[in-house]
2 protein chains.
Amino acid sequence: MNIAVFCSGNGSNFQAIADSVRRGEIAAKIALMVCDNPKAFALARAKKLEIKSLLIERKNFKTKEEFEAGVIRNLEKESIELICLAGFMRLISPGFVQRYRNKILNIHPALLPAFKGTRSIKDALGYGVKVTGVTVHLVDEKTDHGPIILQKALEIKENDTEESLAGRIHEIEHELYPQAIKLFVEGKLNLAGRRAKIE
Amino acid sequence: MNIAVFCSGNGSNFQAIADSVRRGEIAAKIALMVCDNPKAFALARAKKLEIKSLLIERKNFKTKEEFEAGVIRNLEKESIELICLAGFMRLISPGFVQRYRNKILNIHPALLPAFKGTRSIKDALGYGVKVTGVTVHLVDEKTDHGPIILQKALEIKENDTEESLAGRIHEIEHELYPQAIKLFVEGKLNLAGRRAKIE
């Protein structure tokens, strides 16, 4: 199975997925890393990992639809069957979701449905929760909403800052995302409504 | 410190709190169990535990305000300094919250802010989360919203039903609620905005 990983920044989840593939834990190939930001460190990672990368910038297209059509052409060229969003900072349009229905995964630094959006870690600290976590889910038309594949909780400590909490959350992400991808690649996920059953 | 526990039904959390007090874990007295439902099993528990109970029915008062004034008179008579809602099925009015500001605890069968309301366990299963839990929080003017004292997560199993999940959640409740009450009674909670720090 050919996988594409989408990044906009550091790409540490991309790295974790690539490492897991290289260790033989995921029986798939990362055929493409798609990046929308020329300054993203993910591009340097792809080079070092010898993974093909596509830098495609929104500003070079008139509309979001044309930008996404450009992305899709490249995905089709590589026969991509699974897309893993890994810190990709653009919302995927409903048309894109439809084209790759139940084939787009995302990782979110909170226990969804709590703390949707791009400031989850800060929001969780501000709300004063004692437990937060990480969610891997399928992407549907609504933001941070699709069926949940895996979740893992972690405790917030009295003296946690946004930085210290983010560090522990990222560690969990780097374990949880490859696990979820492995389940997908091995065909072990069955959707019953919103509920993802693992075989 | 004199505690009142408010119940509308079975009263299993009331029992857990009373057991914890009896074991000497909480240095306080349950001076009153307030119940709004003549059919509640909590009444029989209070009798067996030799804890004073007040059955006070909403239908015997013209307005919610008069009903709550009747409750408050009884709380004042017993010099209550902490109220523990334990399956009490009525919403507390803002006036009541104001009278006992930061002295009302509630337990909720989910990891707030996820799955507020009275059908949390069913809602969590329906949403397909893999992790849920229990929250003890201070009651403020908004439903299931006040500062969080303690939370504990638990994993949802593939074959969980509402019943099996509720069973495990209740076990956690019976541990977590006495722990939170103990922290309150010992003056170990410090509020910094919404964030409850434990000394």
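Parameters and conventions
Residues numbered from 1 in each chain as written. Chains lettered and ligands numbered in written order. Predicted model: local features only at pLDDT ≥ 70, side-chain atom pairs only at ≥ 80, totals over all residues. Heavy atoms only, no water. Helix = DSSP H or I, 4+ residues; strand = E, 2+ residues; numbered from the N terminus. Rg over C-alpha atoms; globule rule 2.2 N^0.38 Å. Buried < 20%, exposed > 50% of the residue type's maximum accessible area, 1.4 Å probe, protein only. Contact = heavy atoms within 4.5 Å. Areas by Shrake-Rupley, 256 points an atom, 1.4 Å probe, with all protein chains shown as cover. Lys, Arg positive; Asp, Glu negative; His and termini not counted. Charge placed at Lys NZ, Arg CZ, Asp CG, Glu CD. Domains from an automatic or database assignment. Buried area = accessible area lost by both parts, 1.4 Å probe. Salt bridge = Lys/Arg side-chain N within 4 Å of Asp/Glu carboxyl O. Polar contact = N/O pair within 3.5 Å; in protein donor to acceptor, adjacent residues only side chain to side chain. Nonpolar A, V, L, I, M, F, W, Y, C, P; charged D, E, K, R; others polar. Axes fitted to C-alpha atoms, helices over the stretch in contact; angles between N-to-C directions. Parallel < 35°, antiparallel > 145°, perpendicular 65-115°, else oblique. Left-handed = near helix turned anticlockwise from the far one by under 90°. Least-squares fit on C-alpha atoms with pLDDT ≥ 70 in both. Arc of directions from axis to C-beta. Core = buried A, V, L, I, M, F, W, Y, C linked by side-chain atoms within 4.5 Å.

What chain A contains, in helices and strands, is six helices and nine strands. Against the 2.2 N^0.38 benchmark of 16 Å for 199 residues, chain A shows a C-alpha radius of gyration of 16 Å, consistent with a compact globule. Each of the three principal axes of chain A carries a C-alpha extent, and together these read 50 × 40 × 35 Å. Counting every position in chain A, which comprises 199 residues, the buried fraction comes to 56%. Here the analysis covers contacts within chain A between residues at least 6 apart in sequence; of these, 62% occur between residues at least 24 apart. Carbon and sulfur atoms form 50% of the exposed surface of chain A, whose accessible area is close to 9300 Å². Taking the average location of the 31 positive side-chain charges in chain A and that of its 25 negative ones, the two points are 3 Å from each other.

The subject of this paragraph is the domain arrangement of chain A. All names here are of chain A. We note that the domain assignment places domain 1 (1-101) and domain 2 (106-199) within chain A. Just the C-alpha atoms count here: the centres of domain 1 and domain 2 sit 20 Å apart. Counting residues at the interface gives 21 residues for domain 1 and 16 residues for domain 2. Both faces combined, the contact of domain 1 with domain 2 buries some 1500 Å², and carbon together with sulfur accounts for 69% of it. Its largest share of buried area at the contact with domain 2, domain 1 owes to N13, I26 and L85, together 29% of the area lost on that side. Applying the counting criterion to the domain 1 and domain 2 interface returns one salt bridge. When the shortest N-O distance is used, the salt bridge between E141 and R101 registers 2.7 Å. The interface formed by domain 1 and domain 2 contains five residue pairs in polar contact (both at pLDDT 80 or more). Those elements that place two or more of their residues in the side of domain 1 that touches domain 2 are α1 (12-22), β4 (80-85) and α4 (94-99). When residues of the side of domain 1 that touches domain 2 are assigned to their parent elements, the largest contribution, five residues, is made by α1. Considered class by class, the residues forming the side of domain 1 that touches domain 2 number 15 nonpolar, three polar and three charged.

For the rest of this paragraph, the subject is the packing of helix α1 (residues 12-22) of chain B against helix α2 (residues 41-49) of chain B. All names here are of chain B. Between α1 and α2, whose axes approach to 9 Å, the crossing angle comes to 15 degrees. Between α1 and α2, the angle is such that the two are roughly parallel. As α1 runs across α2, the sense of the crossing is right-handed. Across from S12, F14, Q15, A18, D19 and R22 in α1, the residues of α2 making contact are A42, R45, A46 and L49.

With that settled, the discussion passes to the pattern of salt bridges. Under the counting rule described, the total for this entry stands at 24 salt bridges over all chains. Residues R99 of chain B and E76 of chain B are paired through a salt bridge, measuring 3.0 Å at the closest nitrogen-oxygen approach. With R99 of chain B in helix α4 (residues 94-99) and E76 of chain B in helix α3 (residues 64-77), this pair connects stretches of sequence that are 23 residues apart. Assessed through its relative accessible area of 40%, R99 of chain B is described here as partly exposed. Given a relative accessible area of 40%, E76 of chain B falls into the partly exposed group. Taken together, the salt bridges that share partners define one network made up of K182, E186 and K188 of chain A.

Once chain B is rotated about the relating axis by 180 degrees and shifted along it by 0.0 Å, it coincides with chain A to within an RMSD of 0.0 Å. Interpreted geometrically, this transformation is the action of a two-fold axis. Closest approach to the rotation axis within chain B is made by the C-alpha atom of A114 of chain B, at a distance of 2.6 Å. Of all interface residues in chain B, 100% are interface residues in chain A too; the two copies therefore contact each other through one and the same surface.

Turning to α2 of chain B, a few remarks are in order. Residues and elements named next belong to chain B. Within the sequence span of α2, burial applies to A42, L43, R45, A46 and L49. All buried residues of α2 lie within an arc of 160 degrees about the axis, which places them on one face of the element. Seen from the buried face of α2, the exposed residues on the opposite side, beyond 90 degrees, are K47 and K48. Positive backbone phi, at 55 degrees, marks E50, one or two positions downstream of α2.

Turning to the packing of helix α5 (residues 120-127) of chain B against helix α6 (residues 162-185) of chain B, a few remarks are in order. Residues and elements named next belong to chain B. Where α5 contacts α6, the two axes come as close as 10 Å, and the packing angle between them is 120 degrees. Taken as axis vectors, α5 and α6 run oblique relative to one another. As for how α5 packs across α6, the hand of that crossing is right-handed. Taken together, the residues of α6 that come into contact with α5 (itself represented by I121, K122 and L125) are E162, L165, A166 and I169. Of the residues contributing to the contact of α5 with α6, the split by class is five nonpolar, no polar and two charged.

Attention shifts here to the nonpolar core. F14 and I181 of chain A together with F14 and I181 of chain B are the most contacted members of the largest nonpolar core, which totals 103 residues. Contact partners of F14 of chain A, with chain neighbours within four places excluded, come to V5, C7, I30, M33, A42, R45, A46, L49, I51 and A86 of chain A.

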